[in-house]
Amino acid sequence: MTEAILKIDAEMNTESGAKANPKGSATEVELREYCRGLRSEYEVNRRVLLVQIPQFLLESFSPAIARKKGYYAFPPTGLQYLYQAVQGKSRQGRDIEVRILDLNLEVLKRAWQEDDFDCGRWTEILEQQLAEFDPFVVGISCMYDSGIGSLIRMLELLRKKGRSVVMAGGVIATYEWENLLERELCHFVVRGEGENKLNYLLDNLYGNDSESSPTGGIGFKVSGSEPRILAGEDRVEPVGDLICSYDEVPVEEYCRYGSLNPFSRMAGLDDKPFAAIQMNRGCRGNCSFCSVRDFMGPRVRFRDVETVLAEMEFLVEKRGVRHFEWLDDDLLFHKPEFKQLLRVIIERQWPISWSANNGLLAKSIDAELMELMRDSGCIGFKIGIETGNAEMLRQTRKPATLEMFRQACGIINGYPEIFVGGNFMVGFPGERFGQMLDSFRFFRELNLDWGAFTMCQAIRGATAFSEFDDYFATQIKSGENVKNFIPTRQSSRGELGVSGGVKKGLEIFAIDPQSVPGEDQVKEVWFTFNLLGNFIWNKNLQPGGQTMKFIGWVEMAQVAYPDNPYMNLFLGMAYQIEGDREQAQRCLERARQSVQTDYWRERFSEFGLHEVLNNFPENRDKVFGVMERLRENVDEFVTE
């Protein structure tokens, strides 16, 4: 282990990631007085509504993609933790009825149920729930930039109705607390983890002032004053299971209307339920591009093995769940405990599969772990690599070295039953094209099944974007200028919209290695890296590869990109390798239909794919010949 990594490890349990007390500190007395005033202003009842907003960009929403389960449908795990915390207090004598409304699921349902569904009418779902339930308190959670527009619109609607005390929480509210309060979009903002804060607020709102200890991180604004916030830190110890919260979460329905990611689709479950599960909260890392440490604090806390197993057992045996996705940002931090959990899963012989798309830390991978993962039903996971350039690894404070990744992938590639991808980002602040190219070459060297290339996105709370205040201010003010880390997801047709004057296709390799590409140029770099690395150079489309792994992943990923012809073209060649001519022909025809637009004709020309489309290989050997020629045609551009 290098000196740099040892230094990073030594810092893991310091308070370096903790937030300093913000300006405008308030006192407990001021908050109590504010709550007393709200009790007199609003009609108090015992009903609390917790709302998860849509998790996709509404502007590019496609009902056709929704009906193919192409959008994320994650159960509202964060709200479930809040539900359990509030209900726990209720069981101790506080009588509150809590309801969870997952608008993400409800919008996807409407897209399936109504042929003429208008995504712009999604607020009608909320208004109907408000009319039926008439809550005294409404809490809104927004974790990602894609939900900023929905968050603002929802808060405006709630304040206009004026019947409920409104709280906002999640990542966006945590870092935009002053803006939200200054605009009087909500009464309270909960910064960071919310279990303790929500209970403290509810006790004060219901007049039970002495029931909870003061909890820092609650923002509010008394009329005529500046936004204020209770000072102090609050770290939640995740204890207990989420079993009771599933009374409010119809986990059986999520698989009918969406997916967790391609892993949940490739599990081959058809309409069998999936669920999210979590063991650890927090991350040992302190990467400059990530806000997990700032949002949750520096310690990695975990639920004990018995609790996690009890929750899984309930979901498997009582709710029919057959696939789990681990939500942990650092699943392997408590590795001995995780190994113990996997052994129990193997012993119980549950008919399940599982995946971990967030990305595991390479330094924690070992052969015993891989065996346990395989035998317990793991169908795939990602490794968080992010960059293949040593300088960028240091700059981003990634707790790894290139050699660590090499060693981990050497072990991983000995377990071909598991589909493993590497998470890479391009477009870090100040990243030069030569450094991006190192990432592409490193991915090829590691020989993984997939390279999950994304564009680096500015994230609130991440130190790499500490000077992006104007960018964030524009987002929160208008709800616009919101971007997706996969740039083609910003278009309902999956097309990459860029301005003129940028290099495209193989031309990107002529970019000056010392230059820092602009945003549109980075989009084109992303596009080329993805097409070359995951299709033309995919190891499973070469002799000795496992073609069905490629087919399984791309068939499922393609659900979200139905108009992408190169995905169909390479799927057709994969089926031809397998000797399935009927499926190969199906994919070929879909590719020929989708390539008819000017956009895709240009794209195919950039990479010499028209010749393959017009002279489709007739058998396995000819596919390998075509793939070899494609690689030869582009290899001279990529090699050093």
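That block above? That's the structure.
Presented here is a report on the structure given in the accompanying data block. Throughout, residues of each chain are indexed from 1 in the direction in which the sequence is written. Under the rules for a predicted model, residues below a pLDDT of 70 receive no local features and side-chain atom pairs below 80 are neither given nor counted, while totals for whole chains, interfaces and linings still include all residues. With hydrogens and water excluded, all non-hydrogen atoms of the structure serve as input to the side-chain values.

**Things to note about the packing of helix α15 (residues 335–348) against helix α16 (residues 367–375)**
Here is step 1: As a packed pair, α15 and α16 sit with axes 9 Å apart at the nearest point and diverge in direction by 35°. Our pair here, α15 against α16, has a crossing hand that is left-handed. For the pair formed by α15 and α16, the contact residues are Lys 335, Phe 338, Lys 339, Leu 342, Arg 343 and Ile 346 on the first element and Glu 368, Leu 369, Leu 372, Met 373 and Asp 375 on the second.
Here is step 2: Under the scheme applied, nonpolar residues are Ala, Val, Leu, Ile, Met, Phe, Trp, Tyr, Cys and Pro; charged residues are Asp, Glu, Lys and Arg; polar residues are all the others, including Gly. Its residues assigned to classes, the contact of α15 with α16 shows six nonpolar, no polar and five charged. Structural elements are reduced to axes, namely lines fitted to C-alpha atoms, with helices fitted over the stretch in contact, and the angle between N-to-C directions of any two is expressed from 0 to 180 degrees. Here a helix means four or more residues in a row that DSSP labels H or I, a strand means two or more in a row labelled E, and each is numbered from the N terminus. What makes a crossing left-handed is the near helix being turned counterclockwise from the far one by less than a right angle; a clockwise turn instead makes it right-handed. Contacts are residue-level and defined by heavy atoms, with any inter-residue pair within 4.5 Å sufficient.

**Thoughts on the packing of aromatic side chains**
To describe a pair of aromatic rings, you give the distance between the ring centres and the angle between the ring planes.
Here is step 1: For Phe, Tyr and Trp, rings pair up if their centres lie within 6.5 Å, where Trp contributes its six-membered ring, and each pair is then called stacked (planes under 30 degrees apart), edge-to-face (over 60) or tilted (otherwise). Considering all chains together, one arrives at 34 aromatic pairs under this definition.
Here is step 2: An angle of 20° between the planes, with centres 5.4 Å apart, marks the rings of Tyr 34 and Phe 220 as stacked. Here Tyr 34 is found in helix α2 (residues 28–41), whereas its partner Phe 220 is found in strand β7 (residues 218–220), with 186 residues between them in sequence. Each member of the pair, Tyr 34 as well as Phe 220, is classed as buried.
Here is step 3: Ring centres of Phe 188 and Phe 220 lie 6.5 Å apart, and the angle between their planes is 55°; on these two criteria the pair is classed as tilted. One end of the pair, Phe 188, is in strand β6 (residues 188–190); the other, Phe 220, is in strand β7, and 32 residues separate them in sequence. In this structure, Phe 188 and Phe 220 share a single accessibility class: buried.
Here is step 4: The rule for a charge over a ring is simple: NZ of Lys or CZ of Arg within 6 Å of the ring centre, and within 35 degrees of the ring normal. One residue, Arg 281, lies across the ring of Tyr 81, its end atom 4.7 Å from the ring centre. Categorising residues by exposure relies on relative accessible area from a 1.4 Å probe, with only protein chains included: less than 20% of the type maximum marks a residue as buried, more than 50% marks it as exposed, and the intermediate range marks it as partly exposed.

**Observations concerning helix α10 (residues 195–205)**
Here is step 1: With ten of eleven residues buried, α10 is to be regarded as a mostly interior element.
Here is step 2: Among the residues making up α10, those that are buried are Glu 195, Lys 197, Leu 198, Asn 199, Tyr 200, Leu 201, Leu 202, Asp 203, Asn 204 and Leu 205.
Here is step 3: Positioned one or two residues after α10, Gly 207 has a phi angle of 85°, which is positive.

**What to know about the state of the cysteines**
Here is step 1: Pairs of cysteine sulfur atoms within 2.5 Å are identified as disulfides in what follows. Counted by the stated rule, this structure contains zero disulfides.
Here is step 2: Counting only cysteine sulfurs, Cys 378 is the nearest neighbor of Cys 409, a cysteine outside any disulfide, at a range of 14 Å.
Here is step 3: Look at Cys 409 and you get buried, because its relative accessible area is 2%.
Here is step 4: Here Cys 456 is not disulfide-linked; the sulfur of Cys 290 is the nearest cysteine sulfur, at 11 Å.
Here is step 5: Given a relative accessible area of 11%, Cys 456 falls into the buried group.

**Thoughts on unusual backbone geometry**
The phi angle of most residues is negative, glycine excepted, and most peptide bonds adopt the trans form.
Here is step 1: Positive phi, close to 50°, is recorded for Asp 134, a residue that is not glycine.
Here is step 2: Relative to the assigned elements, Asp 134 resides in the loop between α6 (123–133) and β4 (137–141).
Here is step 3: Phi is positive for Asn 447, close to 65°, though the residue is something other than glycine.
Here is step 4: When its relative accessible area of 37% is taken as the criterion, Asn 447 is described as partly exposed.

**So, α6**
Here is step 1: Of all the positions in α6, only Thr 123, Ile 125, Leu 126, Gln 129, Leu 130 and Phe 133 are classed as buried. Buried residues along α6 cover an arc of 155° about the axis, so they all sit on one side. Exposed residues on α6 whose side chains face more than 90 degrees from its buried face are Ala 131 and Glu 132.
Here is step 2: The secondary structure elements touched by the buried residues of α6 are β2 (47–52), β3 (97–102), α5 (103–113), β4 and α7 (148–161). The arc in question is the one spanned by the directions pointing from the helix axis to the C-beta atoms.

**Side note on the sheet that holds strand β13 (residues 353–360)**
Here is step 1: For two strands to be treated as a pair, DSSP must find no fewer than two bridges joining them. Across the sheet, which stays open at both edges, the six strands sit in the order β9-β12-β13-β14-β15-β16 with parallel pairing between neighbours. Of all strands in the sheet, those bounded by a partner on one side alone are β9 (274–277) and β16 (450–455). If you compare each strand with its neighbour and ignore which way they point, the axes differ by 20° on average.
Here is step 2: Summarising the sheet, β9 and strand β12 (residues 323–326) pair through four bridges and their orientation is parallel.

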